[in-house]
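Each chain, written out:
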Amino acid sequence: MPRLESCAWSCSCTARGRHRSQLGGTAAGLAAKVGEMLSSSVPSPSLALVGRGARSPSTSSASSTASSTSSTLNWSQHLVQRSVVLFVVGAFMALVLNLLQIQRNVTLFPDEVISTLFSSAWWVPPCCGTAAAVVGLLYPCIDSHLGEPHKFKREWASVMRCIAVFVGINHASAKLDFANNIQLSLTLAALSLGLWWTFDRSRSGLGLGITIAFVATLITQFLVYNGVYQYTSPDFLYIRSWLPCIFFSGGVTVGNIGRQLAMGIPEKPHND
(Lines give C-alpha, C1' and ligand atoms only; values in the text may rest on other atoms or scores of the structure.)
Protein backbone atom coordinates (compact mmCIF):
# COMPACT_ATOMS: atom_id res chain seq x y z
CA MET A 1 0.00 0.00 0.00
CA PRO A 2 2.71 2.56 0.78
CA ARG A 3 4.36 1.84 -2.58
CA LEU A 4 1.06 2.47 -4.41
CA GLU A 5 0.58 5.77 -2.59
CA SER A 6 4.11 6.87 -3.35
CA CYS A 7 3.67 5.97 -7.02
CA ALA A 8 0.38 7.85 -7.22
CA TRP A 9 1.92 10.88 -5.53
CA SER A 10 4.90 10.88 -7.88
CA CYS A 11 2.64 10.54 -10.93
CA SER A 12 0.53 13.45 -9.81
CA CYS A 13 3.65 15.61 -9.26
CA THR A 14 5.00 14.68 -12.69
CA ALA A 15 1.69 15.58 -14.35
CA ARG A 16 1.63 18.93 -12.52
CA GLY A 17 5.21 19.64 -13.63
CA ARG A 18 4.42 18.84 -17.26
CA HIS A 19 1.32 21.06 -17.10
CA ARG A 20 3.32 23.95 -15.64
CA SER A 21 6.06 23.55 -18.24
CA GLN A 22 3.49 23.57 -21.05
CA LEU A 23 1.90 26.75 -19.64
CA GLY A 24 5.33 28.38 -19.34
CA GLY A 25 6.23 27.48 -22.93
CA THR A 26 2.90 28.78 -24.18
CA ALA A 27 3.33 32.09 -22.35
CA ALA A 28 6.86 32.49 -23.64
CA GLY A 29 5.73 31.84 -27.22
CA LEU A 30 2.93 34.41 -26.91
CA ALA A 31 5.35 36.97 -25.52
CA ALA A 32 7.78 36.33 -28.38
CA LYS A 33 5.03 36.73 -30.98
CA VAL A 34 3.82 39.98 -29.43
CA GLY A 35 7.37 41.30 -29.41
CA GLU A 36 7.82 40.43 -33.08
CA MET A 37 4.55 42.17 -33.96
CA LEU A 38 5.55 45.28 -32.06
CA SER A 39 9.01 45.37 -33.61
CA SER A 40 7.59 44.98 -37.12
CA SER A 41 4.91 47.66 -36.64
CA VAL A 42 7.17 50.30 -34.95
CA PRO A 43 10.39 51.19 -36.91
CA SER A 44 13.59 51.16 -34.98
CA PRO A 45 15.20 54.60 -34.50
CA SER A 46 18.63 53.18 -35.10
CA LEU A 47 17.51 51.68 -38.41
CA ALA A 48 15.93 54.96 -39.43
CA LEU A 49 19.09 56.81 -38.60
CA VAL A 50 21.15 54.31 -40.55
CA GLY A 51 18.81 54.68 -43.54
CA ARG A 52 19.08 58.43 -43.43
CA GLY A 53 22.83 58.22 -43.20
CA ALA A 54 22.93 55.90 -46.19
CA ARG A 55 20.76 58.23 -48.29
CA SER A 56 22.43 61.51 -47.37
CA PRO A 57 25.62 61.17 -49.47
CA SER A 58 23.73 60.41 -52.67
CA THR A 59 21.23 63.19 -52.02
CA SER A 60 23.94 65.75 -51.30
CA SER A 61 25.90 64.62 -54.34
CA ALA A 62 22.85 65.01 -56.59
CA SER A 63 22.07 68.47 -55.23
CA SER A 64 25.67 69.64 -55.62
CA THR A 65 25.76 68.33 -59.20
CA ALA A 66 22.53 70.13 -60.03
CA SER A 67 23.75 73.41 -58.52
CA SER A 68 27.10 73.11 -60.33
CA THR A 69 25.32 72.53 -63.66
CA SER A 70 23.04 75.51 -63.09
CA SER A 71 25.93 77.81 -62.18
CA THR A 72 27.88 76.65 -65.25
CA LEU A 73 24.92 77.45 -67.52
CA ASN A 74 24.47 80.88 -65.94
CA TRP A 75 28.17 81.66 -66.30
CA SER A 76 28.18 80.58 -69.95
CA GLN A 77 25.07 82.64 -70.68
CA HIS A 78 26.62 85.75 -69.13
CA LEU A 79 29.84 85.15 -71.07
CA VAL A 80 27.99 85.01 -74.38
CA GLN A 81 25.99 88.14 -73.55
CA ARG A 82 29.11 90.10 -72.62
CA SER A 83 30.87 88.94 -75.79
CA VAL A 84 27.99 90.11 -77.97
CA VAL A 85 27.81 93.52 -76.27
CA LEU A 86 31.56 94.04 -76.55
CA PHE A 87 31.55 92.99 -80.21
CA VAL A 88 28.77 95.46 -81.06
CA VAL A 89 30.49 98.28 -79.16
CA GLY A 90 33.83 97.60 -80.83
CA ALA A 91 32.34 97.39 -84.32
CA PHE A 92 30.38 100.62 -83.87
CA MET A 93 33.35 102.55 -82.48
CA ALA A 94 35.52 101.26 -85.33
CA LEU A 95 33.03 102.55 -87.91
CA VAL A 96 32.80 106.00 -86.34
CA LEU A 97 36.51 106.48 -85.58
CA ASN A 98 37.71 105.02 -88.86
CA LEU A 99 35.31 107.32 -90.72
CA LEU A 100 36.94 110.27 -88.99
CA GLN A 101 40.41 109.09 -90.02
CA ILE A 102 39.33 108.58 -93.63
CA GLN A 103 37.69 112.01 -93.86
CA ARG A 104 40.91 113.66 -92.67
CA ASN A 105 42.93 111.55 -95.14
CA VAL A 106 44.91 109.98 -92.33
CA THR A 107 44.22 106.45 -93.59
CA LEU A 108 43.78 105.52 -97.24
CA PHE A 109 42.05 102.38 -98.49
CA PRO A 110 42.12 101.09 -102.07
CA ASP A 111 39.00 101.94 -104.05
CA GLU A 112 38.11 98.31 -104.68
CA VAL A 113 37.81 97.46 -100.94
CA ILE A 114 35.71 100.49 -99.97
CA SER A 115 32.09 99.58 -99.27
CA THR A 116 29.05 101.81 -98.90
CA LEU A 117 28.79 101.30 -95.12
CA PHE A 118 30.24 104.51 -93.67
CA SER A 119 32.81 104.47 -96.49
CA SER A 120 34.92 101.95 -94.59
CA ALA A 121 36.47 98.64 -95.55
CA TRP A 122 34.14 95.73 -94.86
CA TRP A 123 36.62 93.86 -92.65
CA VAL A 124 37.30 96.75 -90.23
CA PRO A 125 34.09 96.46 -88.08
CA PRO A 126 34.19 92.66 -87.56
CA CYS A 127 37.94 92.67 -86.82
CA CYS A 128 37.64 95.53 -84.34
CA GLY A 129 34.54 93.98 -82.80
CA THR A 130 36.31 90.67 -82.29
CA ALA A 131 39.33 92.43 -80.79
CA ALA A 132 37.06 94.40 -78.44
CA ALA A 133 35.35 91.20 -77.28
CA VAL A 134 38.68 89.51 -76.57
CA VAL A 135 40.12 92.51 -74.74
CA GLY A 136 36.92 93.18 -72.78
CA LEU A 137 36.79 89.58 -71.55
CA LEU A 138 40.52 89.45 -70.86
CA TYR A 139 40.62 92.37 -68.42
CA PRO A 140 38.30 90.88 -65.72
CA CYS A 141 39.91 87.45 -66.20
CA ILE A 142 43.36 88.89 -65.48
CA ASP A 143 41.98 90.73 -62.46
CA SER A 144 40.49 87.52 -61.12
CA HIS A 145 43.67 85.54 -61.81
CA LEU A 146 45.81 88.09 -59.99
CA GLY A 147 43.37 88.24 -57.10
CA GLU A 148 43.06 92.02 -57.45
CA PRO A 149 39.46 92.91 -58.33
CA HIS A 150 39.27 96.36 -59.88
CA LYS A 151 37.03 98.62 -57.79
CA PHE A 152 38.18 102.09 -58.87
CA LYS A 153 35.25 104.14 -60.22
CA ARG A 154 33.05 101.16 -60.92
CA GLU A 155 29.93 102.83 -62.33
CA TRP A 156 28.56 103.33 -65.83
CA ALA A 157 28.90 107.11 -65.62
CA SER A 158 32.68 106.72 -65.29
CA VAL A 159 32.73 104.25 -68.21
CA MET A 160 30.82 106.68 -70.43
CA ARG A 161 33.25 109.49 -69.55
CA CYS A 162 36.14 107.18 -70.41
CA ILE A 163 34.59 106.47 -73.82
CA ALA A 164 34.14 110.20 -74.41
CA VAL A 165 37.79 110.90 -73.57
CA PHE A 166 38.93 108.10 -75.90
CA VAL A 167 36.85 109.50 -78.75
CA GLY A 168 38.35 112.92 -78.02
CA ILE A 169 41.90 111.51 -78.21
CA ASN A 170 41.15 109.87 -81.53
CA HIS A 171 39.54 113.08 -82.77
CA ALA A 172 42.63 115.04 -81.70
CA SER A 173 44.88 112.70 -83.68
CA ALA A 174 42.99 113.61 -86.85
CA LYS A 175 42.16 117.27 -86.21
CA LEU A 176 45.10 118.82 -84.36
CA ASP A 177 47.90 120.26 -86.44
CA PHE A 178 51.39 120.25 -84.92
CA ALA A 179 54.73 121.25 -86.33
CA ASN A 180 55.68 117.58 -86.59
CA ASN A 181 54.32 114.18 -85.71
CA ILE A 182 56.65 113.80 -82.72
CA GLN A 183 54.91 116.61 -80.86
CA LEU A 184 51.52 115.14 -81.70
CA SER A 185 52.67 111.70 -80.53
CA LEU A 186 53.97 113.05 -77.21
CA THR A 187 50.72 114.93 -76.64
CA LEU A 188 48.58 111.88 -77.36
CA ALA A 189 50.83 109.74 -75.17
CA ALA A 190 50.29 112.14 -72.26
CA LEU A 191 46.53 112.13 -72.88
CA SER A 192 46.47 108.32 -73.02
CA LEU A 193 48.35 107.98 -69.73
CA GLY A 194 46.00 110.56 -68.24
CA LEU A 195 43.04 108.46 -69.36
CA TRP A 196 44.51 105.40 -67.66
CA TRP A 197 45.27 107.31 -64.47
CA THR A 198 41.80 108.88 -64.35
CA PHE A 199 39.68 105.81 -65.07
CA ASP A 200 41.85 102.77 -64.27
CA ARG A 201 44.99 103.14 -62.11
CA SER A 202 45.59 99.38 -61.98
CA ARG A 203 48.86 97.61 -62.76
CA SER A 204 47.02 94.99 -64.78
CA GLY A 205 45.31 97.70 -66.83
CA LEU A 206 48.62 99.42 -67.55
CA GLY A 207 50.33 96.16 -68.49
CA LEU A 208 47.50 94.99 -70.72
CA GLY A 209 47.25 98.41 -72.36
CA ILE A 210 50.94 98.39 -73.26
CA THR A 211 50.71 94.79 -74.51
CA ILE A 212 47.66 95.57 -76.63
CA ALA A 213 49.35 98.63 -78.10
CA PHE A 214 52.46 96.61 -78.99
CA VAL A 215 50.56 93.71 -80.60
CA ALA A 216 48.12 95.96 -82.47
CA THR A 217 51.00 98.08 -83.78
CA LEU A 218 52.77 94.99 -85.14
CA ILE A 219 49.57 93.80 -86.85
CA THR A 220 49.01 97.23 -88.37
CA GLN A 221 52.60 97.36 -89.63
CA PHE A 222 52.07 93.98 -91.27
CA LEU A 223 48.80 95.05 -92.94
CA VAL A 224 50.26 98.29 -94.28
CA TYR A 225 53.40 96.50 -95.46
CA ASN A 226 51.23 94.10 -97.49
CA GLY A 227 49.27 96.95 -99.07
CA VAL A 228 45.92 96.36 -97.38
CA TYR A 229 45.78 100.08 -96.61
CA GLN A 230 48.25 102.87 -95.88
CA TYR A 231 48.86 106.00 -93.82
CA THR A 232 49.72 109.41 -95.17
CA SER A 233 53.06 110.80 -94.02
CA PRO A 234 54.22 107.74 -92.06
CA ASP A 235 57.00 108.47 -89.58
CA PHE A 236 57.20 105.19 -87.63
CA LEU A 237 58.15 102.64 -90.28
CA TYR A 238 54.88 102.30 -92.25
CA ILE A 239 52.48 103.99 -89.81
CA ARG A 240 52.07 107.14 -87.75
CA SER A 241 54.05 107.34 -84.52
CA TRP A 242 50.96 108.27 -82.49
CA LEU A 243 49.05 105.11 -83.42
CA PRO A 244 50.26 103.05 -80.39
CA CYS A 245 48.78 105.75 -78.15
CA ILE A 246 45.39 105.23 -79.78
CA PHE A 247 45.67 101.49 -79.29
CA PHE A 248 46.66 101.94 -75.64
CA SER A 249 43.77 104.26 -74.80
CA GLY A 250 41.37 102.04 -76.75
CA GLY A 251 42.47 98.99 -74.79
CA VAL A 252 41.97 100.78 -71.47
CA THR A 253 38.51 101.97 -72.58
CA VAL A 254 37.32 98.57 -73.76
CA GLY A 255 38.79 97.00 -70.62
CA ASN A 256 36.70 99.32 -68.44
CA ILE A 257 33.59 98.36 -70.40
CA GLY A 258 34.39 94.67 -69.95
CA ARG A 259 35.00 95.11 -66.22
CA GLN A 260 31.71 96.93 -65.78
CA LEU A 261 29.82 94.22 -67.67
CA ALA A 262 31.48 91.57 -65.50
CA MET A 263 30.23 93.09 -62.25
CA GLY A 264 27.50 91.10 -60.48
CA ILE A 265 27.82 87.93 -62.59
CA PRO A 266 28.28 84.46 -61.03
CA GLU A 267 31.84 83.24 -60.80
CA LYS A 268 33.01 80.34 -62.91
CA PRO A 269 32.36 77.09 -61.01
CA HIS A 270 35.36 75.07 -59.87
CA ASN A 271 35.45 71.29 -59.88
CA ASP A 272 36.63 70.02 -56.50
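A. Seen up close, the overall build of the chain. Across its full length, the chain holds 7 helices and 2 strands. The N-to-C order of helical and strand elements in the chain reads α-α-β-α-α-α-α-β-α. Every one of the 272 residues in the chain was classed for burial, and the buried ones make up 31%. Expressed as a percentage of contacts within the chain between residues at least 6 apart in sequence, the contacts between residues at least 24 apart total 77%. Total accessible area computed for the chain in this model is approximately 17000 Å², and 67% of it derives from carbon and sulfur atoms.

B. View of the nonpolar core. Within the largest apolar cluster, 38 residues are counted, with the highest numbers of intra-cluster contacts made by Leu188 and Leu195. Every element with two or more residues in this core is listed here: helix H2 (45-103), helix H3 (124-146), helix H4 (156-175), helix H5 (181-199), helix H6 (203-225) and helix H7 (243-262). Here this core gets 7 residues from one element, more than from any other, and that element is H7. Setting aside residues up to four positions removed in sequence, Leu188 forms contacts with Ile169, Ala172, Ser173, Trp242 and Cys245.

C. Molecular detail of a nonpolar patch on the surface. On the surface, Val80, Val84, Phe87 and Val88 cluster together into a nonpolar patch covering about 340 Å² of accessible area. Mapped onto the fold, Val84 is located in helix H2.

D. Representation of the confidence of the model for the chain. Predicted confidence across the chain gives a mean pLDDT of 75, with 65% of residues reaching 70 or more. Counting interchain partners and residues more than four positions distant, the pLDDT-below-50 stretch residues 1-15 has 0 contacts. In the predicted structure, residues 41-55 sits below a pLDDT of 50 and forms 0 contacts with residues beyond four places in sequence or in another chain.

E. Broad picture of the environment of Leu206. Here Leu206 shows up in helix H6. Residue Leu206 is classed as partly exposed on the basis of its relative accessible area of 27%. As for Leu206 and Ser249, which are separated by 43 residues in sequence, their C-alpha atoms are 10.0 Å apart.

F. Broad picture of the packing of aromatic side chains. One pass over the structure, following the stated rule, counts 4 aromatic pairs. Relative to Tyr229, the ring of Trp123 lies with its centre 6.1 Å away and its plane at 45 degrees, an arrangement referred to as tilted. Note that Trp123 is positioned in the loop between strand S1 (107-108) and H3 and Tyr229 in the loop between H6 and strand S2 (230-231), a separation of 106 residues in sequence. For Tyr229, a relative accessible area of 10% corresponds to the buried category.

G. Representation of the packing of H5 against H7. One way to put it is that H5 packs onto H7 with a least axis distance of 9 Å and a crossing angle of 15 degrees. By the angle class used here, H5 and H7 are roughly parallel. Handedness of the H5/H7 crossing: left-handed. Of H7, the residues touching H5 (which contributes Ser185, Leu188, Ala189, Ser192, Leu193, Leu195, Trp196 and Phe199) are Cys245, Phe248, Ser249, Val252, Thr253 and Asn256. Residue classes in the contact of H5 with H7 are distributed as 9 nonpolar, 5 polar and no charged.

H. Layout of unusual backbone geometry. One non-glycine residue with positive phi stands out, namely Arg201, at about 65 degrees. Within the fold, Arg201 resides in the loop between H5 and H6. Residue Arg201 is classed as partly exposed on the basis of its relative accessible area, which comes to 43%.

I. How the structure looks around H7. The terminal C-alpha atoms of H7, which comprises 20 residues, lie 29 Å apart, in line with the 28 Å expected from a rise of 1.5 Å per residue. A large share of H7 lies buried, amounting to 17 of its 20 residues.

J. Region of interest: the pattern of salt bridges. Under the counting rule described, the total for this entry stands at 2 salt bridges. In this structure, Asp143 and Arg259 form a salt bridge, with 2.7 Å as the shortest nitrogen-oxygen distance. With Asp143 in helix H3 and Arg259 in helix H7, the pair connects residues that are 116 residues apart, well separated along the chain. With a relative accessible area of 4%, Arg259 lands in the buried category. Its salt-bridge partner being Asp200, residue Arg259 comes within 3.1 Å of it at the nearest N-O pair. In this pair, Arg259 sits in helix H7 while Asp200 sits in the loop between H5 and H6, placing the two residues 59 residues apart along the sequence. Among the residues examined, Asp200 registers a relative accessible area of 1% and is labelled buried. Taken together, the shared-partner salt bridges connect Asp143, Asp200 and Arg259 into one network.

Reading the values: the criteria
Residues numbered from 1 in each chain as written. Predicted model: local features only at pLDDT ≥ 70, side-chain atom pairs only at ≥ 80, totals over all residues. Heavy atoms only, no water. Helix = DSSP H or I, 4+ residues; strand = E, 2+ residues; numbered from the N terminus. Buried < 20%, exposed > 50% of the residue type's maximum accessible area, 1.4 Å probe, protein only. Contact = heavy atoms within 4.5 Å. Areas by Shrake-Rupley, 256 points an atom, 1.4 Å probe, with all protein chains shown as cover. Core = buried A, V, L, I, M, F, W, Y, C linked by side-chain atoms within 4.5 Å. Patch = residues over 30% accessible without salt bridge, like charges linked within 9 Å, V, L, I, M, F, W, Y side chains within 5 Å. Salt bridge = Lys/Arg side-chain N within 4 Å of Asp/Glu carboxyl O. pLDDT = per-residue confidence, 0-100. Phe/Tyr/Trp six-rings, centres within 6.5 Å; stacked < 30°, edge-to-face > 60°. Axes fitted to C-alpha atoms, helices over the stretch in contact; angles between N-to-C directions. Parallel < 35°, antiparallel > 145°, perpendicular 65-115°, else oblique. Left-handed = near helix turned anticlockwise from the far one by under 90°. Nonpolar A, V, L, I, M, F, W, Y, C, P; charged D, E, K, R; others polar. Expected span 1.5 Å × (residues − 1).

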